[in-house]
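Analysis of the macromolecular model
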Amino acid sequence: MADRRTGTAVHNRPGPARHVLRLVVTVYLVLLVAWPVALVGRNAFGNGLTDLEGILNDPDVVHALRLTVTVAVTAVLINTVFGVGISLLLVRYDFPGKRLLNALLDVPLSVSPIVVGLALVLVYGGRSGWFGPTLESAGFQVIFATPGIVLATVFVALPLVIREVVPVLQEVGDEQEQAARSLGAGAVQTFLRITLPTIKWGVVYGVVLSLARSLGEFGAVKVVSGNVLGQTRTATLVVEEKYLNFDKGGAYATALLLTLVAVAAIIVVSVLRPKEPR
Amino acid sequence: MTSATLAPDRPAPRRTVRSGRRLTRASGLGLGVAMLWFSLLVLIPLTAVVVTASDGGWAEFWATVTNQQTLAAIELTVGTAFLVTLINIVMGTTIAWVLVRDDRFVGRRVLEVLIDIPFALPTIVAGLVLLSLYGPDSPLGVNIANTRVAVFFAFLFVTLPFVVRTVQPVLAELDREAEEAAASLGASRFTVFRRIILPSLTPAIAAGAALSFARGVSEYGSLVLLSGNLPMRTEVTSVRILSSIENDNLEGAAAVAAVLLVISFVVIVAVDVIQRRVVRRG
């Protein structure tokens, strides 16, 4: 750090180019992100608190918010257990196909949410899906019901915990784990006492990011949920429905709630995460 | 190392995995369970898309995909995603530069948060957000709703973090001695940037660009309220797939979805190749 500061006096003098760059970047981000997002707040309070009170007193919206939170929490729990487990396997063990699995785990990030929904319908759809009719005759409906919404949400947020935990695991190495084991600790004890504390923050970031992503999933949920009012309609679907039915106030108020959660998640992560590695 | 920021879609060169232990019985069981879950959730459903797409044979697949309205949607999606990616390459690198090198700029913390907003914000809200500044009630007096410009803006918004977040950590770790040497030998700032900095950033920029392109091509939620989804004009591929699903034409939907999957697959392979090259160099 020290030599970086002394050595680059030439570069650190703010020249005109630097001011131009600052200006360009700031204007770009204000026009693209800051101003539009700020307007959602303004539009949500356009009629004072009426719109916000309106949606919070609407039993269907409250049901949608509850469903969204339930689904998101379930999806995050599943993805956390799966993510930590698969990260440990990827970093600490050797097995055939590891490189392929490593690449496949990122697939959900670049698949369109509509394709995710379609893929789940093709397999779990009650009428013509591969497994759907069998599951349904066993009394378990997936598509157009809560399990489908959970599956879609888990799918889209799948890589987030893994992406946070794997780098941490690789950085810390496994000397401590080996030491614990050589002193007679069992696998569970080693994991709880040594591994988990060291990857704690990676897991926390992953959970916060997954939560934000899960609360906000729209396209995949739209395909698999059936969007039934008071049953399978989630918060993001409420935003769409309200806006298309000319209840802009209600749409903006619901959007504001979702925006606040998203921004809170970003701020939590950026405050918690150490600014300089090491 | 972890990057200093929230970097949802940075490439993961650290995941090119070092050799580890061999599987024990317990870890083998864990791997089996994890693979079963991953197959049921991701692999089998995605396979179902490809299988369903090929059910009717090549001729039917080709007819569906080259249907005039579908082709228009694919063209619009790929074209706009490409254009947006070019802009992201320039603006993303510039933003990363300001965030890393302009350490006297007090607004950096705020910009950091702004860049992550498109990642965390629900896409339907992203559409609503853009509509409030560029829609019918715009305080700026512009109205891009239901035009192709709206598709462009939506893609620009949702792909903002990718190039920034892939370039930023690489730029932060760059050794400055070569730059200083070049500068002391009389190279102008522009020459230093072009000859010394840019070559080291190129793999990161390329990886970010690929991710941004993939994200743009697969975008759906932010367009619902913003673009009007007019056939032949503002309808993107995802919307086209959804309307097939809603008309109970799952085969047609799967055919177009397969095209998107191929695009994602190509992008993933490209990123993987680029990162391998980076790792070899580093």
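In every chain, residue numbers begin from 1 and rise along the written sequence. For this description, chains carry letters from A and ligands carry numbers from 1, given in the order in which they are written. Given that the model is predicted, a residue must reach a pLDDT of at least 70 before its local features are reported, and side-chain atom pairs must reach 80 or more before they are shown or counted; all residues, however, enter totals for whole chains, interfaces and linings. In computing side-chain properties, one takes all heavy atoms of the structure into account and sets aside hydrogens as well as water.

**Structural notes on the UniProt feature "domain: ABC transmembrane type-1" (unreviewed entry) in chain B**
Filter applied, for reference: UniProt positions are given in the numbering used here, feature names are shortened, and annotations may be inferred rather than shown by experiment. Only runs of H or I of at least four residues qualify as helices and only runs of E of at least two qualify as strands under DSSP, and these elements are numbered from the N terminus.
The UniProt record annotates "domain: ABC transmembrane type-1" (unreviewed entry) at residues 74-271 of chain B. The distance separating the terminal C-alpha atoms of residues 74-271 of chain B is 22 Å; by composition the span is 74% helix and 0% strand.

**Observations regarding the UniProt feature "domain: ABC transmembrane type-1" (unreviewed entry) in chain A**
What UniProt calls "domain: ABC transmembrane type-1" (unreviewed entry) maps, in this numbering, to residues 65-273 of chain A. Measuring from the first to the last C-alpha atom of residues 65-273 of chain A gives 29 Å, for a span that is 76% helix and 1% strand.

**Re the interface of chain B and chain A**
Cut-off, in case you're wondering: Residues are treated as being in contact if the distance between any of their heavy atoms lies within 4.5 Å. Accessible area that two parts lose when put together, with a 1.4 Å probe and added across both, is what the buried area reports. Here, a salt bridge means any side-chain nitrogen of Lys or Arg that lies within 4 Å of a carboxyl oxygen of Asp or Glu. For the purposes of these results, a polar contact is taken to be a pair of N or O atoms within 3.5 Å, where, inside protein, one atom must be able to donate a hydrogen and its partner to accept one; residues adjacent in sequence count only when each atom of the pair is a side-chain atom. Nonpolar residues are Ala, Val, Leu, Ile, Met, Phe, Trp, Tyr, Cys and Pro. Charged residues are Asp, Glu, Lys and Arg, and all others, Gly as well, are polar.
Contacts between the two partners involve 109 residues from chain B and, on the opposite side, 108 residues from chain A. Carbon and sulfur atoms make up 69% of the area that chain B and chain A hide from each other, which totals about 9,900 Å². One can count four salt bridges joining chain B with chain A. For the pair chain B and chain A, the interface holds ten residue pairs in polar contact (both at pLDDT 80 or more). Of all the elements, helix 1 (residues 25-54) of chain B adds the most residues to the side of chain B that touches chain A, at 19 residues. Partitioned by chemical class, the residues of the side of chain B that touches chain A number 68 nonpolar, 19 polar and 22 charged.

**A look at helix 3 (residues 16-44) of chain A**
The periodicity of an α-helix, 3.6 residues per turn, causes residues three or four places apart in sequence to face the same way. To be explicit about the condition: Multiplying 1.5 Å by the helix residue count minus one yields the expected span of that helix. What we call the bend at a residue is the angle made by axes fitted to the seven residues finishing there and the seven residues starting there.
Between its first and last C-alpha atoms helix 3 of chain A spans 40 Å; for 29 residues at 1.5 Å apiece the expected length is 42 Å, and the two agree. Approximately 50° is the largest bend angle found in helix 3 of chain A, and it occurs at Val30 of chain A.

**Examining a nonpolar patch on the surface**
Heads up, the condition is: Patch building starts from residues that exceed 30% relative accessible area and form no salt bridge, then joins like charges within 9 Å and nonpolar side chains (Val, Leu, Ile, Met, Phe, Trp, Tyr) within 5 Å. Areas reported as accessible are Shrake-Rupley estimates using a 1.4 Å probe. Residue values count occlusion only from the protein chains shown. Only protein chains enter the accessibility calculation, which uses a 1.4 Å probe. A residue is then buried if its area is under 20% of the maximum for its type, exposed if over 50%, and partly exposed in between.
A cluster of nonpolar residues, Leu23, Val27, Val30, Leu31 and Trp35 of chain A together with Leu140 and Val142 of chain B, forms a patch on the protein surface that exposes about 540 Å² of accessible area. When you line up the elements, Leu23 of chain A lands in helix 3. By relative accessible area, Leu23 of chain A is classed as exposed at 57%.

**Brief notes about the UniProt feature "transmembrane region" (unreviewed entry) in chain B**
Residue and element names in this part refer to chain B. According to UniProt, the positions carrying the feature "transmembrane region" (unreviewed entry) are residues 28-51, 71-99, 111-134, 140-164, 196-217 and 252-274. Along residues 71-99 one finds 100% helix and 0% strand; the C-alpha atoms at either end are 40 Å apart. Within the segment residues 252-274, helix and strand shares are 100% and 0% respectively, and the terminal C-alpha atoms sit 34 Å apart.

**Some points on the side chain of Thr232 of chain A**
All names here are of chain A. Topologically, Thr232 is positioned in the loop between helix 13 (219-225) and helix 14 (235-244). A polar contact of 2.7 Å, which involves the side chain of Thr232, links it to the backbone oxygen of Ser225. If we skip the residues at most four places from it in the chain, Thr232 touches Leu67, Phe144, Ala145, Ile149, Ser225, Gly226, Asn227 and Leu237.

**Concerning the domain arrangement of chain B**
All names here are of chain B. Where we set the bar: Residue ranges labeled as domains rest on an automatic or database domain assignment.
Domain boundaries in chain B define domain 1 (24-54) and domain 2 (57-281). For domain 1 versus domain 2, the distance between C-alpha centres works out to 29 Å. Of the residues lining the interface, six residues belong to domain 1; the matching set on domain 2 comes to nine residues. Buried area between domain 1 and domain 2, both sides added, is near 520 Å², and the carbon and sulfur share of it is 78%. Of all residues in domain 1, Val49, Thr52 and Ala53 give up the largest surface area on contact with domain 2, accounting jointly for 71% of the area buried on that side. Looking at the side of domain 1 that touches domain 2 residue by residue, the classes come out as four nonpolar, two polar and no charged.

**Examining the domain arrangement of chain A**
Accessible area lost on assembly of the parts is the figure often given for the size of an interface. Residues and elements named next belong to chain A. Taken domain by domain, chain A holds domain 1 (1-44) and domain 2 (50-272). On the domain 2 side, the residues contacting the five residues of domain 1 number six residues. Approximately 470 Å² of surface area, both sides summed, lies buried where domain 1 meets domain 2, with 75% of it carried by carbon and sulfur atoms. Of all residues in domain 1, Val40, Asn43 and Ala44 give up the largest surface area on contact with domain 2, accounting jointly for 81% of the area buried on that side. The tally of links between domain 1 and domain 2 comes to zero salt bridges. Across the contact surface, domain 1 and domain 2 share one residue pair in polar contact (both at pLDDT 80 or more). For the side of domain 1 that touches domain 2, the residue count by class is three nonpolar, two polar and no charged.

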